[in-house]
Amino acid sequence: MKPLVVVGASLAGMSAVQSMRSGGYAGPVVVLDSSPEMPHDRPPLSKQVLAGEWDLDRAGLPMARNMSELDVDLRLGVSAVGLDPDSLQLSLSDGSTISAAGIVIATGSVPRQIPGEVPSGVFVLRTGADSLALRDELDRGPERVLVIGAGFIGAEVAATCRGRGLEVTMVEATEVPLQRVLPADLGSFVADLHRNNGVDVRLGVGLDSFLADASGAVRGVTLTDGCEIAAQVVLIGIGAVPEVSWLEDSGLALLPPQEGGGIRCDESLRAAPKVLAAGDCASWPNGSFNGERMRVEQWESALEQGTHAGKQMLFEIGAGEDPGAFSTVPWFWSDQYDAKIQMAGRADPGDEVHVVDGSVAEGRFVALFKRGDECRAALGVNRPRLAIRARMKLAETLAWDSMLELFDQ
Amino acid sequence: MKIKYDRDLCQGHNRCYLLAPELFDVDDDGYAVLLVDGEVPADLQEKANLAADNCPEYAITLVE
Ligand SMILES: Cc1cc2nc3c(=O)[nH]c(=O)nc-3n(C[C@H](O)[C@H](O)[C@H](O)COP(=O)(O)OP(=O)(O)OC[C@H]3O[C@@H](n4cnc5c(N)ncnc54)[C@H](O)[C@@H]3O)c2cc1C
Ligand code: SF4
């Protein structure tokens, strides 16, 4: 019997496996991952693990805790290097091939890197190993940590380092943090949050070059404005790119970066018959947002998409019911200092911002993002209950007036 | 059927509230709050199952 093959053993991939099993599929499942160790749950890697509050073991993926029950042929340290959607053949890095009954692609994303060679002491943060390597350096008590990029991962690392009592400089090339996702007044909330917590925040400047000592260890950087900053540890947090390079010759449709990147899927997460994609690497028309094409790099989406892909796969091979189209309201959270930031939906820098609860000044608020007569997103800071209720409302309707009713009570 | 909720395991994903608002609420810190004390009413047992199955942290368990 040909196996169902899941490429990527992280959140989306393992959610797919779990959902195939709970859907009653008892046949063979092969799971591949390039990583030599089982991938960890990533959110704690920039938070509790980096802070030293949790051992890395505690950050295991929830659905990987009952691995033996899932009964999979798990191949770690093996990458998929090619896929033929017509014959459902996968080529692997160990030279072997697998002929599959169906394939779930869940290869996620990888950190965007700085081109060229970098000195030692310069880190990215994606895996458990990355988190431990960075944590070891922080344990040595560097005089200053430099964070390049004020996206969510950079911001969380800056906050965690401050929590450990370290001096931090954060450099962001845009004038306002999160400029690509948030309107300016809210982006400046993020900058102020970090400044108020003692971070030296520099906006509108980029990295020019690294300074290193004779042993090749980083000693600081020169910025595009000519400033030199001494730092013994540097974290690069300039975003992620979907990991689809191995599919370039597969014939599957890949989207260019200006269209959001990733694998082009239909509303059921199908890239081709019996070939599905889920998680950070998948782009699909989201029914909750008028069919707008989205690729979401967020935990909850990866879990939901993986779960859907598992059900969809059983339908594709005639072993389950049609789960229908996949739609969701993206949901993201980030913990920085004492701010619990949660966002539902998809904001655009051009949206009108309405603070409907609390105030930005007191650091507890809900902001809604209006475009035309629609509410496109809700951002909550230290307002978890309202933020999640806003998410539920968006799932029901995008109508602006209905959302306002929620806050009028 | 009774619901056991372990706040130490809860990471505040709030999937339980999303799926079973009759059984769970969210507190000011974003963690789940169990709304029923003791036996789960018969018409909510299905939802209790749904919440338990969907809590990624296994913070919700059901005891017969
Ligand atoms: C430090 C950090 C903190 C985060 N914090 C939050 C947060 O607070 N809230 C939130 O909503 N989201 C957060 N995220 C994002 C969230 O973790 C991701 O959206 C999620 O991990 C995506 O899951 P995935 O399974 O799609 O992909 P990934 O987790 O990227 O996993 C893909 C897997 O595929 C494997 N792989 C890649 N290519 C191949 C190949 N060719 N063959 C075989 N295997 C391959 C990789 O080794 C990897 O294990 C965070 C991410 C990071 C890195
Ligand atoms: S789903 Fe689980 S982890 Fe999430 S809030 Fe509910 S109990 Fe907590």
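In case you missed it, the structure is sitting above this.
Since we're looking at a predicted model, the values are computed, not measured. (Residues numbered from 1 in each chain as written. Chains lettered and ligands numbered in written order. Predicted model: local features only at pLDDT ≥ 70, side-chain atom pairs only at ≥ 80, totals over all residues. Heavy atoms only, no water.)

Caption draft 1: Summary view of the pattern of salt bridges. Here the structure, examined in full by the defined rule, presents 24 salt bridges over all chains. Arg219 of chain A is the salt-bridge partner of Asp213 of chain A, the closest N and O atoms lying 3.2 Å from each other. By relative accessible area, which is 27% here, Asp213 of chain A ends up partly exposed. By relative accessible area, which is 38% here, Arg219 of chain A ends up partly exposed. The partner of Asp335 of chain A in a salt bridge is Lys340 of chain A, with the nearest N and O atoms 3.7 Å apart. Accessibility expressed as a relative area gives 28% for Asp335 of chain A, which makes it partly exposed. Bridged by salt links that share partners, the residues Glu300, Glu304 and Arg391 of chain A together with Arg15 of chain B form one connected network. (Salt bridge = Lys/Arg side-chain N within 4 Å of Asp/Glu carboxyl O. Buried < 20%, exposed > 50% of the residue type's maximum accessible area, 1.4 Å probe, protein only.)

Caption draft 2: How the structure looks around the interface of chain B and chain A. Contacts between the two partners involve 17 residues from chain B, matched on the other side by 22 residues from chain A. A combined buried area of about 1600 Å² lies between chain B and chain A, and 51% of that area is made up of carbon and sulfur atoms. Linking chain B to chain A there are 3 salt bridges. Between Asp25 of chain B and Arg385 of chain A there is a salt bridge, with its nearest N and O atoms 2.6 Å apart. Our count for the contact surface shared by chain B and chain A stands at 3 residue pairs in polar contact (both at pLDDT 80 or more). Among the elements of the structure, helix H1 (15-19) and strand E2 (24-26) of chain B are those that each provide at least two residues to the side of chain B that touches chain A. Sorting elements by how many residues they give to the side of chain B that touches chain A places H1 of chain B first, with 3 residues. When grouped by side-chain class, the residues that make up the side of chain B that touches chain A number 6 nonpolar, 4 polar and 7 charged. (Contact = heavy atoms within 4.5 Å. Buried area = accessible area lost by both parts, 1.4 Å probe. Polar contact = N/O pair within 3.5 Å; in protein donor to acceptor, adjacent residues only side chain to side chain. Helix = DSSP H or I, 4+ residues; strand = E, 2+ residues; numbered from the N terminus. Nonpolar A, V, L, I, M, F, W, Y, C, P; charged D, E, K, R; others polar.)

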